[in-house]
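Coordinate analysis (summary)
Chain by chain, the residues:
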Amino acid sequence: MLVAVALALAMQTTLDRIVVGGTAAVDLVLVAVVCIALTMGPVAGMLAGSVAGLLQDALSSGVIGVGGLAKTVAGFLVGAIGQQFIVTAAVPRLVMFVAATAVHAVCFMGLYQLLGARIFASPLAAVATQSLGNAVMGMVAFSVMEGLPGVLERRRVTRRPR
Amino acid sequence: MALLDIRQRIGWLFTAVVLAQLVLISAQVTTRTGVPMLEVVVFGAVAEMQRLATSVIVGSRDAWQTYLSLQQVRAENERLRAQMGDLQIQLQRERALAQESRTLQALLDLREQTPLATIPAVVIAGGASPDFRTLTIDKGTGQGVESDMAVVAPAGVVGRVITPTGRAAKVQLLIDRNAAVAGLVERTRAQGLVVGTGGDRLRMEYVPGTADIRVGDQVVTSGIDGIYPKGFLIGQIESVQRGAGDYTNVVVRPAVELSALEAVLVVSPAHGARGEGQE
């Protein structure tokens, strides 16, 4: 879990330049949190969201805790829904990524707006773009996670000397 | 095992994590006044607790003081009740004295106005039998009271003395069935005989059918009966019933409230001179 979060953070720092409406087009940390929540449940999702969000906040110049809170809520909700419903198919997963991005954006932007610490120029466009980006990256991540063990096994089998 | 417990209490865990992050946010954010939000929130919460504690303490103190005050109020209430009782009794005495004073003043006025010799007397008892309308006064033969002396009050004629004793006398009221007094209508001088009915009204008899009398006319003593001096008010005509006969039935309401008499004057037969027994 921590490895996934660290990996996502590292990748996010490289994709940070892609910005739409003042917000990154893809939030790979959120994608990682949603993946963890869907595979491991609400507690893991919540803790992953909390740790990842706090780290993200600490690395950014914002208020520490806002991103952590938003990702905590998103991770918890996704994990809770994933426990109640079957979300292994592509479309439900896509919906979960979109919904998680929306929830995260509402919490994140809402808190900043409430604190009066930051103004978001065009939040709807930014959220819509990020939702799409997160959903695509999430589907890719799930494909990699589910396909990687089979590929590795096949390679191991083919390399074994006869 | 602990992890299992945590997993079973997801809601609490979620709340704790969210609260922790809110505290973290509050520690960094300052309000418009420049005070850190965490300080504001903590101070606000502590202040509310202090307010609650203070209100509990103040409430308890007030309740205790109220209880003590109630105890004092109770004692004071009893003392005031007793005082009020005494004052009420005193007030009644004062009222009785004032009423008596007014009655005596009225009698005195009457005595001053009338040229007749009179003996003031106090009513000491009412009638012993409902069939005979009498009362007892505190003056008797020892004070010059004799039989057939007229008894008057400031409002009008009361009756006559029928049984004098040494220190008291029985007075027959005008409303007694056996009482009668010669009267005349003050306005028209129409004469008649006013007799008692045993009730609270008088009847004027032998009034000619042609006499000019009206309801509201005042009836006074004519003086021809030799007992009641002339000109004392007997009562007021309450109804006039002209029948087919020679006389008119006239009902008279007595001028004196006979059931509330306290003091009277006994008129001496020596008209024009003050009686020797007068006080």
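Residues numbered from 1 in each chain as written. Chains lettered and ligands numbered in written order. Predicted model: local features only at pLDDT ≥ 70, side-chain atom pairs only at ≥ 80, totals over all residues. Heavy atoms only, no water.

Okay, the overall build of chain B next. Counting its secondary structure elements, chain B contains three helices and twelve strands. Here chain B, with 279 residues, has 32% of them falling under the buried criterion. Carbon and sulfur atoms make up 56% of the accessible area of chain B, which totals about 17000 Å². (Helix = DSSP H or I, 4+ residues; strand = E, 2+ residues; numbered from the N terminus. Buried < 20%, exposed > 50% of the residue type's maximum accessible area, 1.4 Å probe, protein only. Areas by Shrake-Rupley, 256 points an atom, 1.4 Å probe, with all protein chains shown as cover.)

What follows covers the overall build of chain A. Counting secondary structure elements, chain A contains six helices and two strands. Put simply, chain A runs from its N terminus to its C terminus through helices and strands in the order α-β-β-α-α-α-α-α. Residue pairs in contact within chain A that sit at least 24 positions apart in sequence constitute 67% of those at least 6 positions apart. When the accessible area of chain A is evaluated, it comes to approximately 8500 Å², of which 71% is carbon and sulfur surface. (Contact = heavy atoms within 4.5 Å.)

Let us look at the interface of chain B and chain A. Across the boundary between the two partners, chain B contributes 13 residues, which contact 18 residues of chain A. Across the interface of chain B and chain A, roughly 1400 Å² is buried in total on both sides, 82% from carbon and sulfur atoms. The tally of links between chain B and chain A comes to zero salt bridges. Applying the counting rule to chain B against chain A returns five residue pairs in polar contact (both at pLDDT 80 or more). It is helix 2 (residues 10-28) of chain B that contributes the most residues to the side of chain B that touches chain A, ten residues altogether. Taken together, the residues of the side of chain B that touches chain A break down into ten nonpolar, two polar and one charged. (Buried area = accessible area lost by both parts, 1.4 Å probe. Salt bridge = Lys/Arg side-chain N within 4 Å of Asp/Glu carboxyl O. Polar contact = N/O pair within 3.5 Å; in protein donor to acceptor, adjacent residues only side chain to side chain. Nonpolar A, V, L, I, M, F, W, Y, C, P; charged D, E, K, R; others polar.)

Here we take up the packing of aromatic side chains. Throughout the structure, instances matching the rule amount to five aromatic pairs over all chains. Pairing phenylalanine 76 of chain A with phenylalanine 14 of chain B gives two aromatic rings, centres 4.1 Å apart and planes at 20°, and the pair type is stacked. Linking phenylalanine 76 of chain A in helix 4 (residues 66-84) with phenylalanine 14 of chain B in helix 2, this pair reaches from one chain into another. Seen from the ring of phenylalanine 142 of chain A, arginine 93 of chain A lies directly overhead, with NZ or CZ sitting 3.9 Å from the centre. (Phe/Tyr/Trp six-rings, centres within 6.5 Å; stacked < 30°, edge-to-face > 60°. Lys NZ or Arg CZ within 6 Å of the ring centre and 35° of its normal.)

This brings us to the side chain of glutamine 21 of chain B. Its place among the elements puts glutamine 21 of chain B in helix 2. Apart from residues no more than four positions distant in its own chain, glutamine 21 of chain B is found in contact with Ser50, Leu54, Gly65, Gly68, Leu69 and Thr72 of chain A.

This part takes up the environment of valine 256 of chain B. Residues and elements named next belong to chain B. With respect to the secondary-structure elements, valine 256 resides in the loop between strand 11 (247-254) and strand 12 (263-267). Once the C-alpha coordinates of valine 256 and alanine 155 are considered, the two residues, 101 residues apart in sequence, prove to be 5.4 Å apart. Setting aside anything within four residues of it in sequence, one finds valine 256 in contact with Ala153, Ala155, Gly156, Val157, Val158 and Leu261.

Across its 18 residues, helix 3 (residues 42-59) of chain A extends 25 Å between first and last C-alpha, which sits within 8% of the 26 Å expected from 1.5 Å per residue. By the burial criterion, the buried members of helix 3 of chain A are Pro42, Val43, Ala44, Gly45, Met46, Ala48, Gly49, Ser50, Ala52, Gly53, Gln56 and Asp57 of chain A. (Expected span 1.5 Å × (residues − 1).)

Another aspect to go through is the nonpolar core. Inside soluble globular proteins, nonpolar side chains tend to come together where they are buried. Of all hydrophobic cores here, the largest spans 46 residues; its most connected members are Ile137, Val158, Leu261 and Val266 of chain B. Among residues more than four places away in sequence, those in contact with leucine 261 of chain B are Val123, Leu135, Ala153, Val158 and Val256 of chain B. Ranked by size, the runner-up nonpolar core spans 24 residues in total, among them Met109 and Leu111 of chain A together with Ile10 and Phe14 of chain B. (Core = buried A, V, L, I, M, F, W, Y, C linked by side-chain atoms within 4.5 Å.)

Let us look at the confidence of the model for chain B. Residues and elements named next belong to chain B. Model confidence for chain B is summarised by a mean pLDDT of 85, while 92% of its residues fall at 70 or above. When pLDDT is averaged over each helix and strand of chain B, the minimum, 59, is found for helix 1 (residues 2-8) and the maximum, 94, for strand 9 (residues 218-221). Counting contacts from residues 271-279, a segment whose pLDDT is below 50, to residues more than four positions away or on other chains yields 22 contacts. For this predicted complex, the interface confidence reaches an ipTM of 0.72, while the overall pTM sits at 0.45. (pLDDT = per-residue confidence, 0-100.)

Glancing now at a nonpolar patch on the surface. A cluster of nonpolar residues, Met1, Leu2, Met40, Leu47, Val51 and Leu55 of chain A, forms a patch on the protein surface that exposes about 520 Å² of accessible area. When residues of the nonpolar patch are assigned to their parent elements, the largest contribution, three residues, is made by helix 3 of chain A. (Patch = residues over 30% accessible without salt bridge, like charges linked within 9 Å, V, L, I, M, F, W, Y side chains within 5 Å.)

As a further point, take the pairing of strand 3 (residues 150-153) of chain B. All names here are of chain B. Across the two faces of strand 3 the burial is the same, with Ala150 and Val152 and Val151 and Ala153 all buried. Note that strand 3 and strand 4 (residues 156-164) share four bridges and pair antiparallel. Looking across to strand 4, one finds that alanine 150 is bridged to arginine 160. Turn length for the strand 3-strand 4 hairpin, with the two strands adjacent in sequence and antiparallel, is two residues. (Pairing = 2+ DSSP bridges.)

In this section: the pattern of salt bridges. Residues and elements named next belong to chain B. This structure, assessed with the given rule, holds twelve salt bridges over all chains. A salt bridge links arginine 160 to aspartate 148; the nearest nitrogen and oxygen atoms lie 2.3 Å apart. With a gap of twelve residues between them, arginine 160 in strand 4 and aspartate 148 in the loop between strand 2 (134-137) and strand 3 connect regions that are remote in the sequence. Residue arginine 201 is joined to glutamate 238 by a salt bridge in which the shortest nitrogen-to-oxygen separation is 2.8 Å. Taken together, the positions of arginine 201 in the loop between strand 7 (191-196) and strand 8 (202-208) and glutamate 238 in strand 10 (residues 233-242) put the pair 37 residues apart, joining distant regions of the chain. A relative accessible area of 26% means that arginine 201 is categorised as partly exposed. We classify glutamate 238 as partly exposed; its relative accessible area is 31%.

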